[in-house]
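For reference, the chains in residue letters:
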Amino acid sequence: MTLDPVPALNVDPLIDDPTTRIIVCCGAGGVGKTTTAAALGLRAAERGRKVVVLTIDPARRLAQSMGIDSLDNIPRRVKDLDGDGAGELHAMMLDMKRTFDEIVEAHADPERAEAILNNPFYQSLSAGFAGTQEYMAMEKLGQLRARDEWDLIIVDTPPSRSALDFLDAPKNLGSFLDGKFIRVLMAPAKVGGRAGMKFLNVGMSVMTGTLGKLLGGQFLKDVQTFVAAMDTMFGGFRTRADATYQLLQAPGTAFLVVAAPERDALREAAYFVERLAAEEMPLAGLVLNRVHGSGAARLSAERALAAAENLAEPRIVDQDGGKEEREQGQLPDSPDSPDSTADAADTADTASTVSAASSGSTASSGSTASSGSGRPDARVSADSSADTSADTSGAQQLAAGLLRLHAERMQLLAREQRTRDRFTALHPEVPVTEVAALPGDVHDLAGLRDIGDRLASGDRPAGAA
Amino acid sequence: MSRLQVVSGKGGTGKTTVAAALALALATEGKRTLLVEVEGRQGIAQLFEAEALPYEERKVAVAPGGGEVFALAIDAELALLDYLQMFYRLGSAGRALKKLGAVDFATTIAPGVRDVLLTGKACEAVRRKDKKGRYVYDYVVMDAPPTGRITRFLNVNDEVAGLAKIGPIHNQAQAVMRVLKSPETAVHLVTLLEEMPVQETVDGIGELRDAGLPVGRVLVNMVRPSVVDVPVPTDVRRTDLAKALSSAGLGGARKGGLAEQLVDPLLAQAAEYEERVALEHGQRGLLTELGLPVHELELLTEGIDLAGLYRLATDLRKQGVA
């Protein structure tokens, strides 16, 4: 086990600090970003804060785990929270079209709003093609913050091509709005027909002609009327997007990069860390989900496998069960060592009982008749005198299986450690908290709470190297 | 076998890996496949241990038996200029459009134009023929957007054809849709034996079917081999287990002995394992109910390298996927 210089990420001080107003969870797809956001929100609420969790991912299961049938664009209060009741948890899911519609309704006069809402180009734009989601996530975040109803907003980021696309949203929008192209588009609709064209140079008239040819006249007209109608709103759009971007850089915002201990996820995490630094966005730390541990970490994969082989090869198994004197770390006997003295008759005996045991558990001795709990650890038996060869071989078979399982676990631990080390070598300054892997998914608040506990304790799972 | 094979899946399920292995498998024995990346993450280049792919079809691997795998990372902006040049001879006008911001507009803001270009380019590769009238590529494999967006992505041309009611874009969009909705195309979904990816797969297949897109296979990735018999026998005494561990050379079996100390953690790991196997069993059941061919690919514990990719490709062939 290596010396661990990585600073620990303490989640509780972060979520308890009243000056923390926004937490953004970002990371590659499939690393548990949304679940992390929800677990963090629940924990913060149960510790007394008024929290809203904005998710982008339409994960029904997550909504259900919070006791909400389906999440929508309106924050819904989550019931049955623990804690002293001072805190609140609200959850919502970004509805792009609805958010876009609301902006139009709020910022255009009714007549113009209707024209925009009915425009076919607008309708497909707002329904969420690539790019729209990022703008709307930013817009919604800005709205939630402006309402000032919650003292902590937790967002998870859209599952985009690159999960930091939302950072580019204001810039993209800005360069589009500042571009000449939009003026070319708007010119004919604004001034009307040929009169407008006169003001354009030849190159531009070629442009609109080309576009008309490419897109079909009606489509171009739809786009033009859309752009003209949106014209008055565009300024506000950009102002708000810029404001939200600045909000993300301001004190009070914290970014959490979420990853799993896998090569691709951690590579993407490293990219986020670099990108956030370049954008001067405040990074709180890395949440490493699904980390595995072992209670028997001192037994290496190699030794476990060697021991399992030893058991599977009855000829070399020392049947008297007493190896206390053997020094730890010493490799098992090779077949020609003086220890391998088990006689041939014993081998035959063992072989026959192994097959009996594997054809069902019927080969067990009578003393195991009515098993209560069924868990092996509940069945500590006092009389070891009732040793039969069936018991022994069954135990050996089980032991061999457990050892192989353990070897697999230890190999997994080693792999996770290697990928993690690679990240740490690149970014030793980033605080890390680890969340132990769960065998299944989260289904209820208790499950989210459990993840919150794991997040906050940040304890490396037992034995994680 | 469909000539356009689209591979989607929830994030983190390894769809890029599976797409690459499928391209390799389909190229086996003298065939030529094109592996197309549409999300600009250069995952294919990393898999084949090559440098970042330019917007250019480039040979990345030789398949067993002499086949070839080409790869292309489609860049929406370059694809647009390419298109303008190819169909409208707009070389200089294309550059002017770019200067104006029209290309930015088209590839980042305008609804679906980006997706139209990406699907259009893939379909063009499917239909492309050489001078002798033979298909240039026997198969085109697309590393497509994730399950949550795949239906919309593939269906974008329908929407565009509706928006641009006439003109070349309209015609182009319709031509693409004809390929995508025909038996020439098969959409495969990659999943893991875990609840969320399986749920997304089930939902995604429903959406694809509703949209009239041809669903191909379910590919279960990273399946862990079974290590011990499940259920773990419960009739073995702890003392016997401790003795067995001790006899394997792992220390003393007496209480507090090194072997005895191993019993609890090892049994705990077995219990976790059992829980996982039971969960996987349930998920496998859900996938079977879909009425699609389901294939399983083993977990390559050492991570995916070139050798691993070839192993997966061989496995896909053995299972009749390619």
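Note that this is a predicted model, so its numbers are computed, not measured.

With that settled, consider the overall build of chain B. Regarding its fold elements, chain B presents twelve helices and eight strands. Projecting the C-alpha coordinates of chain B onto the three principal axes gives extents of approximately 85 × 40 × 35 Å. Here chain B holds 322 residues, and 59% of them are scored as buried. For chain B, the proportion of contacts with a sequence separation of at least 24, taken over those separated by at least 6, is 69%. On chain B, roughly 12600 Å² of surface is accessible, and the fraction owed to carbon and sulfur atoms is 52%. Across chain B, the 38 positively charged side chains and the 41 negatively charged ones have centroids separated by 7 Å.

Note that Asp156(A) resides in strand 5 (residues 152-156). At a separation of 2.8 Å, a polar atom in the side chain of Asp156(A) contacts the side chain of Thr34(A).

This paragraph deals with the packing of aromatic side chains. Where two aromatic rings form a pair, the distance of their centres and the angle of their planes describe that pair. Applying the stated rule across the entire model yields two aromatic pairs over all chains. The interplanar angle of 50° and the centroid separation of 6.0 Å between the aromatic rings of Tyr271(A) and Phe272(A) together place this pair among those described as tilted. A relative accessible area of 0% places Phe272(A) in the buried class. Look at Phe70(B) and Tyr137(B): their rings are 5.9 Å apart centre to centre, the planes differ by 70°, and that puts the pair in the edge-to-face class. Here Phe70(B), found in strand 4 (residues 68-73), pairs with Tyr137(B), found in the loop between helix 6 (113-127) and strand 5 (139-143); they are 67 residues apart in sequence, far enough to count as distant. According to the relative accessible area criterion, Tyr137(B) is buried, its value standing at 3%. One Lys or Arg, Arg3(B), reaches over the ring of Tyr135(B) and ends 3.5 Å from the middle of that ring.

For residues that are not glycine, phi is negative in most cases, and the peptide bond is trans in most cases. With a phi close to 65°, Glu29(B) is a non-glycine residue in the positive phi region. Looking at the element boundaries, Glu29(B) is found in the loop between helix 1 (15-27) and strand 2 (32-37).

What follows deals with the environment of Leu276(A). Residue and element names in this part refer to chain A. Along the polypeptide, Leu 276 turns up in helix 13 (residues 263-278). Exposure remark for Leu 276: the relative accessible area of 0% places this residue in the buried category. Taking the C-alpha atoms as reference, Leu 276 lies 8.4 Å from Phe 255; in sequence the two are 21 residues apart.

Each strand in a sheet pairs with another by means of backbone hydrogen bonds, the pair being arranged parallel or else antiparallel. Residue and element names in this part refer to chain A. Strand order across the open sheet formed by eight strands is 3-4-2-5-1-6-7-8, with mixed pairing between neighbours. Strand pairing shows two members of the sheet lacking a second neighbour, strand 3 (76-77) and strand 8 (432-436), which therefore form its edges. In this sheet, strand 5 lies alongside strand 1 (residues 22-26) in parallel orientation, the contact comprising four bridges. Bridging across to strand 5, Cys 25 finds its partner in Asp 156. Strands in contact with helix 13 are strand 1, strand 6 (253-259) and strand 7 (283-291); relative to strand 6, the strand with the most contacts, it is inclined by about 160°.

Moving on to the side chain of Asp315(B). All names here are of chain B. With respect to the helices, strands and loops of the structure, Asp 315 is situated in helix 12 (residues 306-318). No salt bridge is formed by the buried Asp 315; the nearest opposite charge belongs to Lys 318, separated by 5.5 Å. Look past the residues within four positions of Asp 315 in its chain and what remains in contact with it is Glu 296, Leu 297 and Glu 298.

All names here are of chain B. Structurally, Asn 155 is set in helix 7 (residues 147-163). C-alpha of Asn 155 to C-alpha of Leu 219: the two residues are 64 residues apart in sequence and 22 Å apart in space. Apart from the residues within four sequence positions on either side, Asn 155 is in contact with Met 177, Lys 181, Ala 211 and Leu 213.

In the predicted model, chain B carries a mean pLDDT of 88, and 91% of its residues have values of at least 70. As scored by the predictor, the complex reaches a pTM of 0.80 and an ipTM of 0.83.

Quick look at the packing of helix 6 of chain B against helix 7 of chain B now. Residues and elements named next belong to chain B. Interhelical geometry of helix 6 versus helix 7 gives an angle of 110° and a closest axis separation of 8 Å. Looking at the two axes, helix 6 sits roughly perpendicular to helix 7. Crossing geometry of helix 6 relative to helix 7 is assigned as left-handed. Packed against helix 6, whose contacting residues are Asp 115, Val 116, Leu 118 and Thr 119, the element helix 7 presents Phe 153, Leu 154, Val 156, Asn 157 and Val 160 at the interface. Here the contact of helix 6 with helix 7 is composed, by residue class, of six nonpolar, two polar and one charged.

Residue and element names in this part refer to chain B. Read from one edge to the other, the open sheet built from eight strands follows the order 3-4-2-5-1-6-7-8, with strand pairing classed as mixed. At either end of the open sheet lies a strand with only one pairing partner, and these are strand 3 (58-62) and strand 8 (294-298). Shown here is a sheet whose adjacent strand axes are inclined to one another by a mean of 25°, direction ignored. Two strands pair when backbone bridges link them, and strand 2 and strand 5 are joined in this way by five bridges, in the parallel orientation. Residue Leu 34 lies in a different strand from strand 5, and its bridge partner there is Val 140.

Any two side chains of opposite charge can pair, on the condition that their charged atoms come close. All names here are of chain A. Under the definition given, this model contains 42 salt bridges over all chains. For Arg 47, the salt bridge is made with Asp 16, and the minimal N-O distance between the two is 2.6 Å. Here the residue Arg 47 occupies a position in the loop between helix 2 (33-46) and strand 2 (50-55), and Asp 16 occupies one in helix 1 (residues 11-16), the gap between them amounting to 31 residues. Notably, a salt bridge pairs Glu 149 with Arg 147, separated by 3.1 Å at the nearest N-O pair. What emerges from the salt-bridge pattern is a single network uniting Lys 97, Arg 98, Asp 101, Glu 102, Glu 105 and Lys 140.

In this section: the nonpolar core. In this structure, Val104(A), Leu248(A) and Leu286(A) are the most contacted members of the largest nonpolar core, which totals 58 residues. Broken down by element, this core gets its largest block of residues, ten residues, from helix 12 (residues 217-249) of chain A. Sequence-distant contacts of Leu248(A), that is, excluding residues within four places in its chain, are made with Val24(A), Met138(A), Leu141(A), Phe166(A), Leu167(A), Thr253(A), Phe255(A), Met281(A) and Pro282(A). Of all hydrophobic cores here, the second largest spans 46 residues; its members include Leu84(B), Val113(B), Met177(B) and Ile205(B).

It is worth spelling out the confidence of the model for chain A at this point. Residue and element names in this part refer to chain A. Mean pLDDT over chain A: 75, with 66% of residues reaching 70 or higher. Between the elements of chain A, mean pLDDT differs from a low of 38, seen in helix 15 (residues 344-358), to a high of 96, seen in helix 1. A low-confidence stretch, residues 189-201 stays under pLDDT 50, and its non-local contacts, those more than four residues away or across chains, total nine contacts.

Calculation rules
The residue numbers shown here count from 1 along each chain, following its written sequence. By the order in which they are written, chains take letters starting at A while ligands take numbers starting at 1. Note on the predicted model: pLDDT of at least 70 is required for a residue's local features to be given, and 80 or more for side-chain atom pairs to be given and counted; whole-chain, interface and lining totals, by contrast, use all residues. With hydrogens and water stripped out, all remaining heavy atoms of the structure feed into the side-chain values. Put simply, DSSP H or I for four residues or longer makes a helix, DSSP E for two residues or longer makes a strand, and each gets a number counted from the N terminus. Exposed residues in this analysis have more than 50% of their type's maximum accessible area, buried residues have under 20%, and partly exposed residues fall in between, with area computed by a 1.4 Å probe over protein chains only. Whether two residues are in contact is decided by their heavy atoms, any of which lying within 4.5 Å being enough. All accessible-area figures derive from a Shrake-Rupley calculation using a 1.4 Å probe, and residue coverage is judged against the displayed protein chains alone. Residues scored as positive are Lys and Arg, those scored as negative are Asp and Glu, and His as well as the terminal groups of each chain are ignored. Positions of charges follow a simple convention, taking NZ of Lys, CZ of Arg, CG of Asp or CD of Glu. Pairing of N or O atoms within 3.5 Å defines a polar contact, subject to two protein rules: one partner must be a possible hydrogen donor and the other a possible acceptor, and residues neighboring in sequence count only if both atoms are side-chain atoms. In this analysis, rings of Phe, Tyr and Trp, with Trp reduced to its six-membered ring, are considered paired at centre separations within 6.5 Å, and the interplanar angle assigns stacked below 30 degrees, edge-to-face beyond 60, and tilted for intermediate values. Cation placement over rings: the criterion is NZ of Lys or CZ of Arg within 6 Å of the ring centroid and within 35° of the ring normal. When DSSP finds two or more bridges between a pair of strands, those strands are recorded as paired. Working convention: axes come from line fits to C-alpha atoms, limited for helices to the stretch in contact. Angles between N-to-C directions cover 0 to 180 degrees. The salt bridge definition used is simple: a Lys or Arg side-chain nitrogen within 4 Å of an Asp or Glu carboxyl oxygen. Residue-level confidence of the predictor is summarised by pLDDT, bounded by 0 at the bottom and 100 at the top. With respect to orientation, any angle under 35 degrees is reported as roughly parallel, any angle over 145 as roughly antiparallel, any angle of 65 to 115 as roughly perpendicular, and every other angle as oblique. Definitions for this section: a left-handed crossing has its near helix turned counterclockwise from the far helix by less than a right angle. A right-handed crossing has that turn clockwise. Asp, Glu, Lys and Arg are counted as charged, while Ala, Val, Leu, Ile, Met, Phe, Trp, Tyr, Cys and Pro are counted as nonpolar; the rest, among them Gly, fall into the polar class. What is meant by a nonpolar core is a set of buried Ala, Val, Leu, Ile, Met, Phe, Trp, Tyr and Cys residues, joined one to another through side-chain atoms within 4.5 Å.

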